[in-house]
Amino acid sequence: MIPRLLQFSVLVSYVYEVTFGSIYEQLQPIDVVRTSTVGNTSYDCFEDQYDMPLVFWHKANLESKLSLIRSLDNQDVSIKRELLAAGCKWLWNSVPGLILLEVYSGDQQIKSFKKRGNVYSSIITKINSTHWRCEDNSFVEHVEITFENKITVVVEANLSAVTIDQCEKSGEPNAFNGTNRCHHTTYCTYRPGDRPFAAGNYWCACRPGYYSAFTKFDGALVELASPEDIDNKYSCHKCLEGCDVCDGPESCMAKFMWTKRSTFLGITVVCIISTVILIWFVHKNRRIKVFRIASPTFLIITLIGCIIMYSEMGIMFPECTQQLCVATKWTRHFGFCITYSALLMKTWRVSLTYRVKSAHKLKLTDKQLLQWMTPILVIILVYMGAWTLSDPPQAVLEKEKETNLRFWRCSNDWWDYCLAAGEVLFLAWGVRVCYVVRNAESFYNEAQSINFAIYNICIVNIIMMTIHFFLFPDIGPNFKYTLGFIRTQLSTSVTIALVFGSKVVRVLNGQGDHWDNKAKGLVSYEMNDVCEETNDLQTENEELKEEIFKLATQIGLLKNSLMHVNNRHLRKTGCQSCNPIASNQQSPTSKTGSFFKSLGSNSCLAPSTSA
């Protein structure tokens, strides 16, 4: 530590004369030190005294130490002398490094202290002056400070015993503060006691985030080096991205397993192409019963949502950035909302139809379901838009716990947690609807396939949310990409297989227009009410009347035959109408009541009068 006596803050001006005239050079204190110790021009020691406006001891600091002396009353001369003498003695003993201390009251010397061997006697030259002089090949600073009460303090100190601190010291006044020559990639650390009153008493160590083959550089060598040498020899190299501290050029970022990621991305691209082909296939065969009953509009909407969810894998493939984070959130949540809403609307229609207890058939069109689906999509669009505009997701640098390697990932905040909570509630509603229609039968088991798909989506998403938010929030990029691929395949690919697999197989086998074993007499719970061969209510009533007429005819014939057998009250001859078969030769599908009329007028039923 530099003695308190040697605290200073202002610049040095050194004046010298040459043969051809006076030339003034404005030098800083460190420049004088450098030229006298390490510079090209030698100032081994001053032969004469030179004015040096360099204050090693601030006047404010001196005033605080001599505040009692400064406040003395001018009239108490005897008391003033004693207090001044006592103050000088305390100051001489408390401040190390002094070789001379004199106190004057006006022009009269009150007290004087000198180091042994110091033959120099101070003479006041001017008020508040400071200069250096040379004594025994050592630099001596001479300081004179005069207070308002005409008390003058003369202080001298041997600078050759002081080690200069050139490092940055915030809050400590020092003319040498920050005068080191360390490169901007290094920082200065003070090295006390090695070289008194000389430049270079410090080390230049690499800053955090930089590295070098040497742990630190000697400040004495840095002081002698040229700017080019400092840039080339005494500087540090920046660590690679992700490294706060490093020992070499090794990267601190987690390495991507590009082969594995490329394989997953290739499978995803194949799935996207297959989904596009499936959209074309559904549209082309939309009039076939197996697709027509399942509502081609909602089937295509479901596939579009699946394509959006598949595209998340392509966005997650490169290194994470803010723009890619925003795109990832959009594809994941908006694609899920489209797919899940389309499936849920179809299941909800089955639920509403299945729970109808009246004889009136409930008919829900695609247009009505789209009107109910639109608010759901509008809500997610507004939420995602507000999120993107106000507080978009950021790419943050995280450290993997197992390897301590860094990687970029998308930040999670309360926007993510609120959206996740909303999706969980949405999934719970879908599970409840599926549970209500668990026993409902539909053509080609459409309702059951959708139920299984919704159950699967719910289970997969809840598991992945738990892993993503709670179990492994800081997993590495490769594991995270693997989990994303697993989530996409289990939720999206399995949904497509459950909803479209059996339908595509039927169409390819030529069975798309054929009913399954349970189709006969099955009421359709789907939207399209159902297909071309389904009769309306009027046709069903006419067929029912014909069946009733047939049954009534058979019952009448059986009744007449039983009454005619062994009935003594009926005439046995002369009545052609007694033959019920002959007397009722009419169409069994007749829509009139002629048969019942003939029964009422049949003379064979009249009692006999012969008895």
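Bear in mind the structure is a predicted one, so any value in this text is a computation, not a measurement. (Residues numbered from 1 in each chain as written. Predicted model: local features only at pLDDT ≥ 70, side-chain atom pairs only at ≥ 80, totals over all residues. Heavy atoms only, no water.)

**What to know about the state of the cysteines**
Covalent bonding between the sulfur atoms of two cysteines is what defines a disulfide. Inspection of the entire model under this criterion finds 6 disulfides. Cys 325 shares a disulfide with Cys 410; S-S distance 2.1 Å. Across the S-S bond linking Cys 325 and Cys 410, the dihedral sits near -100 degrees, which makes this disulfide left-handed. With a gap of 85 residues between them, Cys 325 in helix α10 (residues 322-354) and Cys 410 in strand β15 (residues 406-410) connect regions that are remote in the sequence. (Disulfide = S-S within 2.5 Å. Helix = DSSP H or I, 4+ residues; strand = E, 2+ residues; numbered from the N terminus.)

**Quick notes on a nonpolar patch on the surface**
Together, Val 269, Ile 273, Ile 277 and Trp 280 make up an exposed nonpolar region whose accessible area comes to about 400 Å². One can find Trp 280 in helix α7 (residues 258-284). (Patch = residues over 30% accessible without salt bridge, like charges linked within 9 Å, V, L, I, M, F, W, Y side chains within 5 Å. Areas by Shrake-Rupley, 256 points an atom, 1.4 Å probe, with all protein chains shown as cover. Salt bridge = Lys/Arg side-chain N within 4 Å of Asp/Glu carboxyl O.)

**Section: the sheet that holds strand β12 (residues 216-218)**
Sheet architecture is open: 3 strands sit in the order β9-β10-β12, paired in antiparallel fashion. Taken across any chain shown, the strands that pair with only one partner, and hence form the sheet edges, are β9 (186-190) and β12. Adjacent strand axes in the sheet meet at a mean angle of 30 degrees, parallel and antiparallel pairs treated alike. Across 5 bridges, β9 lies against strand β10 (residues 202-206) in antiparallel orientation. Paired with Cys 188 across the two strands is Cys 204, which belongs to β10. (Pairing = 2+ DSSP bridges. Axes fitted to C-alpha atoms, helices over the stretch in contact; angles between N-to-C directions.)

**So, the pattern of salt bridges**
Inspection of every chain in the model, using the stated rule, returns 8 salt bridges. For the salt bridge of Arg 409 with Glu 398, the shortest nitrogen-to-oxygen distance reads 3.3 Å. On the criterion of sequence distance, the pair formed by Arg 409 in strand β15 and Glu 398 in strand β14 (residues 395-399) is long-range, its members being 11 residues apart. Shared partners join several salt bridges into a network, and the residues in it are Glu 312, Arg 332 and Arg 487.

**Re the pairing of β14**
Two strands pair when backbone bridges link them, and β14 and β15 are joined in this way by 5 bridges, in the antiparallel orientation. Within β15, the position partnered with Leu 397 by the bridge is Trp 408. The turn joining β14 and β15, which pair antiparallel and follow one another in sequence, is formed by 6 residues; a positive phi near 60 degrees is taken by Asn 404.

**Focus on the nonpolar core**
If you look at the biggest cluster of nonpolar residues, it comprises 37 residues, and the most contacted ones within it are Leu 278, Val 282, Tyr 340 and Phe 500. Put simply, the parts of the chain that give this core at least two residues each are α7, α8 (289-292), α9 (296-315), α10, α12 (414-436), α13 (446-471) and α14 (477-508). Take this core: its biggest share by element is 7 residues, from α9. Among residues more than four places away in sequence, those in contact with Leu 278 are Leu 303, Ile 496, Phe 500 and Val 504. Ranked by size, the runner-up nonpolar core spans 15 residues in total, among them Phe 298, Ile 338, Met 384 and Leu 419. (Core = buried A, V, L, I, M, F, W, Y, C linked by side-chain atoms within 4.5 Å. Buried < 20%, exposed > 50% of the residue type's maximum accessible area, 1.4 Å probe, protein only. Contact = heavy atoms within 4.5 Å.)

**Re the environment of Asp 231**
For Asp 231, the location among the structural elements is in helix α6 (residues 227-233). Measuring from C-alpha to C-alpha, the distance between Asp 231 and His 184 comes to 9.2 Å, with 47 residues separating the pair along the chain.

**Description of the packing of aromatic side chains**
Each aromatic ring pair is summarised here by two numbers: the centre-to-centre distance and the angle between the ring planes. This model, assessed by the stated rule, comprises 21 aromatic pairs. Note on Phe 317 and Tyr 481: the rings are 6.3 Å apart at their centroids and 65 degrees apart in plane angle, and the pair reads as edge-to-face. Linking Phe 317 in the loop between α9 and α10 with Tyr 481 in helix α14, this pair joins segments that are 164 residues apart in sequence. A relative accessible area of 19% places Phe 317 in the buried class. We classify Tyr 481 as buried; its relative accessible area is 1%. Where Tyr 417 meets Phe 469, the ring centres are 5.1 Å apart and the plane angle is 50 degrees; that geometry is what we call tilted. Within this pair, whereas Tyr 417 is found in helix α12, its partner Phe 469 is found in helix α13, the two being separated by 52 residues in sequence. Put simply, the rings of Phe 256, Trp 258, Phe 264, Phe 317, Tyr 481 and Phe 485 touch in pairs and so form one group of aromatic residues. Over the aromatic face of Tyr 210 sits the side chain of Lys 238, whose NZ or CZ is 5.3 Å from the ring centroid. Positioned above the aromatic ring of Phe 256 is the side chain of Arg 261, whose terminal nitrogen or guanidinium carbon lies 4.3 Å from the ring centre. (Phe/Tyr/Trp six-rings, centres within 6.5 Å; stacked < 30°, edge-to-face > 60°. Lys NZ or Arg CZ within 6 Å of the ring centre and 35° of its normal.)

**Things to note about the confidence of the model for the protein chain**
Summary statistics for the protein chain give a mean pLDDT of 75 and a share of 68% for residues scoring 70 or more. Ranking the elements of the protein chain by mean pLDDT puts strand β1 (residues 12-18) last with 28 and α7 first with 95. Within the model, pLDDT remains below 50 along residues 1-25, and this stretch shows 74 contacts once partners closer than five positions in the same chain are excluded. Taken together, the stretch residues 39-44 has pLDDT below 50 and engages in 10 contacts with residues farther than four places along the chain or on a different chain. (pLDDT = per-residue confidence, 0-100.)

**Digging into α7**
In this model, α7 (27 residues) spans 39 Å end to end at C-alpha, consistent with the 39 Å of a helix rising 1.5 Å per residue. For α7, every residue scored as buried is listed here: Arg 261, Phe 264, Thr 268, Cys 271, Thr 275, Leu 278, Ile 279, Phe 281 and Val 282. For α7, the elements touching its buried residues are α8, α9 and α14. (Expected span 1.5 Å × (residues − 1).)

**Remarks on α9**
Owing to its 3.6 residues per turn, the α-helix aligns residues three or four sequence positions apart on the same side. Its 20 residues place the ends of α9 29 Å apart at the C-alpha level, agreeing with the 28 Å of an ideal helix rising 1.5 Å per residue. Counting buried residues in α9 gives 15 out of 20 residues, a clear majority hidden from the surface.

**Comments concerning the side chain of Asn 478**
Within the fold, Asn 478 resides in helix α14. We classify Asn 478 as buried; its relative accessible area is 14%. Within the structure, Asn 478 has its side chain in polar contact with the backbone nitrogen of Met 257 (distance 2.9 Å). (Polar contact = N/O pair within 3.5 Å; in protein donor to acceptor, adjacent residues only side chain to side chain.)

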